[in-house]
Amino acid sequence: MASLRSPSSPTDGYKRFSDDFANTSINNYGSNVTSKREVNIIQCTVAAAIIYNRTDTDGGGDATLDMGSRSSLHTGLQMSEDEHWEMNYHEAAIYLEEGLNNEKFDSHPSSPEELPAYLRVHNPWYHGLDLLASLVLILLAFTEDPAVPAFELPVWAHGTIELLALSVIGIELHLKLKWIGWGTIFKHKRTMLKGITLLIMVLEAVVVLCRQSSHFRVTRALRPIFLVDTRHCGGVRRFIRQILQSLPPIIDMLGLLMFFVATYSLLGYYLFTEHVDNGHFQTISDSFVSMFVLLTTANFPDVMMPSYAKSKWYALFFILYIITVLYVLMNLMLAVVYETFTRIERDKCRALLLHRRGAARRAFRLLVSRRAPRAVRLRHFAGLLRHYAPHYGGLDVYLMFKQLSRSGGGGLSRAEFANVYEVFALRWAAQAARAPWYSASPLEPLGRAAAVAVRWRYFEHLVYAIIIGNGVSMILRVFEAAGDLQDSARLLCASWDTWLFLILFLLEAALRIMASGLSAYLESGWNVFDLSVTLLALLGAVLLTIAPKLFIVVMFRPLRLMRLYKLKKRYRDVFGTLVLLSPLMSSAGCVMLVMYYFFAIIGMELFAGYDLRNCCINTTVEDFYKYSENSSTPLGYYYLNNFENILTSGVSLFELTVVNNWFILMNAYATVAGQFSRIYFMVFYLFTMVVLTIVVASVLEAFRFRIQYKRSTTKRDEEKLLHEEVHTSWEEAQRLGASGDLAEELRAHLPPGMQVTFIGTRPRTKEVLQRRMYQADIQKWLAEEDDSEDAPPSTTVTSSEDPLSPPIIQQPDSENNHQIRTGYQL
């Protein structure tokens with residue numbers, strides 16, 4: 001865990017608190033004690049007064065403050081106590097944001113001069129501007145030579161746009177440099193790589209504008225670095241980090257795999273080089289390429305047949321090779337990657353948990369006061385949330401504080417405050433508000449009738465019967481004779497039976513909404529799916545009636561049949577896994593797009609000038625590239641798989657990803673561009689294999705996680721996990737220190753003399769479920785982290801278990817002083 005920078009003054013909250021607590025002389029009212037005579041008077045008259053051994057030397061009257069730890073963001077500034085507390089709240093909120101976003105603490109602002117730059121860079125508007133500039137850089141590939149014809153721009157236009165986008169990104173780096181400093185940037189590899197890439201691209205853009213023509217710019221492939229580094233792509237960065245962490249075992253397995261490929265290539269050369277009609281093994285390089293392609297099975301059995309015609313025994317060579325490299329080594333690689341990925345997922349959970357715990361610990365040190373150095377009061381907790389999450393109302397703040405305060409001591413201890421991230425996700429509602437939505441309303445009779453209908457034991461059976469009837473109707477319409485495509489599409493998706501089933505589905509949705517309310521109805525993913533596909537089918541029927549040639553809408557009506565898969569538990573597990581995987585799959589999709597962009601740019605720079613029509617005469621792929629102005633053979637359209645612009649490059653790379661006949665494209669460019677061009681296609685295959693293997697491993701891990709969670713957790717346990725109850729009253733809120741605007745807002749929700757129960761609900765995310773699954777591990781991690789922490793300064797010890805009790809000051813040993821005195825006046 002990164003430590004906090006301290007260029008001029010200690011920024012560690014606990015150390016500042018301890019130093020101030022030991023060195024500053026204050027009494028209960030905040031007046032300075034500046035002489036030993038006054039100390040002796042206080043010792044005689046008030047046994048609980050605070051005694052210190054040195055006079056106040058801090059400027060600006062800071063010694064009178066009741067703060068336990070002063071923020072580094074107002075070092076040297078003259079402020080009132082309230083202003084000092086506001087700066088403490090602000091810095092504590094910054095710590096919590098850094099913990100939430102998994103940012104290193106070495107980039108934390110440590111002086112007032114650094115704060116403006118930090119706030120500008122962390123402004124949501126600037127995050128959006130940074131994302132926009134990064135996307136503009138990516139999209140410039142459509143306009144630059146070789147450009148997509150519809151989007152081509154002159155050199156001066158796309159060059160100017162590029163410089164403007166780079167300037168926005170450069171401003172962000174400049175502002176970051178103002179508070180991080182060069183030393184930290186050199187340690188931050190991602191920022192350093194971004195800075196070097198930015199410098200190179202600015203120089204290249206200037207050169208392009210000066211020359212008014214593009215040159216060999218393979219560095220354009222690095223533009224996704226700026227996109228990945230934006231705040232909105234945190235999940236993409238985490239997935240890339242997992243790929244990099246999984247590389248060591250993958251590289252080990254690739255080394256073993258390539259060893260067998262090379263060994264079989266050498267054996268194949270000596271076995272088949274004399275077979276004149278088998279051109280796949282004429283040289284060592286041909287043999288290696290053929291066996292590499294055979295690894296993907298794209299050229300099987302073509303590569304075997306000439307030799308198989310000479311002797312049936314030659315088939316053993318190819319069979320043993322495929323069994324060894326494809327069915328053994330490739331699956332073994334998947335197993336190794338899966339094991340590594342599972343360990344990385346657990347380590348990631350541990351690192352994030354401890355990082356947030358460290359952020360909470362730093363924030364805690366800024367929120368405690370000298371009167372209560374072991375706990376955070378409600379007033380300071382509310383001040384923190386005023387900066388961290390200003391959208392929370394006073395009731396939310398109070399309920400979160402009450403939920404964290406399990407000890408009931410009136411404040412949050414450090415252990416309780418460490419759970420602060422868990423309560424931020426809770427959404428609160430009074431238990432009385434959980435009554436049916438139609439209670440005491442004119443719609444109550446309709447709501448009760450709808451609730452009775454939905455709770456009818458055969459209601460679900462009736463819904464499934466209607467869905468099955470809808471499917472049978474569609475099957476009959478498909479086989480029904482129709483005059484043309486328009487009539488067939490109309491019969492399938494806009495006939496009278498379509499309208500009948502749509503009305504029934506809308507009636508079902510209306511009953512469920514009336515029974516539970518719209519918000520409760522939309523909490524179910526299946527309800528959202530049902531309503532969405534019903535409305536889409538309705539829209540499709542209307543559009544098909546208006547525009548009969550709009551055939552694409554025929555896909556909407558069959559989607560409702562997917563509800564039948566909910567009947568079987570295995571399908572429910574599959575769909576549940578997909579829900580858990582949706583964030584990871586979106587990140588994996590972005591990584592694939594970034595990889596495609598990277599290789600597309602390189603492919604355009606290397607191969608954009610080559611025409612593949614009739615390119616491969618007298619080669620094994622000649623038939624695939626035969627072209628004539630008047631006609632072409634069914635195989636002769638492969639010349640369209642090229643790198644003439646970013647769109648066609650993406651299509652070509654996707655065909656390479658599928659690996660079906662991918663060697664045909666590779667051999668064509670090897671013919672026109674040289675044999676070394678094969679390296680590009682082989683490296684791309686290895687990259688896609690690595691990424692897709694990790695995607696498969698993530699799917700397996702998510703499915704295993706869900707199955708284990710289902711087996712170990714009952715519905716009751718999950719209900720407890722996702723819901724929290726808080727019982728409170730107006731009198732308790734006053735006892736905890738609610739005052740001012742907070743008290744006024746609470747008074748509207750907490751009637752005097754009554755106890756009110758509130759229910760907090762958190763979303764069902766994988767992070768929440770992991771806390772349940774890794775419960776034993778989390779306790780172990782926290783215990784290890786506590787053991788590894790430095791011991792707190794010995795100048796203070798607790799006087800009781802109450803976190804709000806006055807501290808006891810242990811004076812240093814001396815001949816005249818062997819006393820322990822209470823911390824402040826009672």
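The structure we're discussing is the one just above.
So, here is what we can say about the structure in this document. (Residues numbered from 1 in each chain as written. Predicted model: local features only at pLDDT ≥ 70, side-chain atom pairs only at ≥ 80, totals over all residues. Heavy atoms only, no water.)

This brings us to the pattern of salt bridges. Applying the stated criterion across every chain yields a total of 28 salt bridges. When the shortest N-O distance is used, the salt bridge between D530 and R563 registers 1.8 Å. Of this pair, D530 sits in helix α23 (residues 525-546) while R563 sits in the loop between α23 and α24 (569-607), and the two are 33 residues apart along the sequence. Among the residues examined, R563 registers a relative accessible area of 2% and is labelled buried. A single network of salt bridges, built from pairs that share partners, joins E144, E162, E204, R217, R220, R223 and E605. (Salt bridge = Lys/Arg side-chain N within 4 Å of Asp/Glu carboxyl O. Helix = DSSP H or I, 4+ residues; strand = E, 2+ residues; numbered from the N terminus. Buried < 20%, exposed > 50% of the residue type's maximum accessible area, 1.4 Å probe, protein only.)

Taken together, L536, L539, L543, L550, I552 and M555 make up a surface patch of nonpolar side chains, about 500 Å² in accessible area. Within the secondary structure, L539 is located in helix α23. (Patch = residues over 30% accessible without salt bridge, like charges linked within 9 Å, V, L, I, M, F, W, Y side chains within 5 Å. Areas by Shrake-Rupley, 256 points an atom, 1.4 Å probe, with all protein chains shown as cover.)

Turning our attention to the side chain of S649. Take S649: it is sitting in helix α25 (residues 646-658). Given the relative accessible area of 0%, S649 is considered buried. Once residues lying within four places of it in the same chain are set aside, the contact partners of S649 are A600, M604, N642, F643 and E644. (Contact = heavy atoms within 4.5 Å.)

This part is about the sheet that holds strand β3 (residues 755-761). Reading across the sheet, the three strands line up as β1-β3-β2 and stay open at both edges, with antiparallel pairing between neighbours. Strands with a single pairing partner mark the edges of an open sheet, and in this sheet they are β1 (427-430) and β2 (723-729). For this sheet, the mean inter-axis angle between neighbouring strands, taken without regard to orientation, is 30 degrees. Examined bridge by bridge, β1 and β3 share four bridges and lie antiparallel to one another. (Pairing = 2+ DSSP bridges. Axes fitted to C-alpha atoms, helices over the stretch in contact; angles between N-to-C directions.)

Between its terminal C-alpha atoms helix α13 (residues 315-367) stretches 75 Å, which fits the 78 Å expected from 53 residues at 1.5 Å a residue. Roughly 25 degrees is the biggest bend found in α13, and it falls at L329. (Expected span 1.5 Å × (residues − 1). Bend = angle between axes of the 7 residues up to and from the residue.)

Inspection of every chain in the model, using the stated rule, returns 38 aromatic pairs. A centroid spacing of 5.0 Å and a plane angle of 65 degrees characterise the contact between Y264 and Y321, whose relative ring orientation is edge-to-face. Remark: Y321 occurs in helix α13 and Y264 occurs in helix α10 (residues 234-272); sequence separation between them is 57 residues. Note on accessibility: Y264 and Y321 belong to one class, buried. Aromatic ring contacts, followed pair by pair, group Y596, F598, F599, F607, F643, Y669, Y680, F681, F684 and F687 into a single cluster. The side chain of R356 reaches across the aromatic face of Y421, ending 5.3 Å from its centre. Above the ring of F505, the side-chain terminus of R560 is found at 4.2 Å from the ring centroid. (Phe/Tyr/Trp six-rings, centres within 6.5 Å; stacked < 30°, edge-to-face > 60°. Lys NZ or Arg CZ within 6 Å of the ring centre and 35° of its normal.)

Function-wise, these values are silent; they only describe arrangement.
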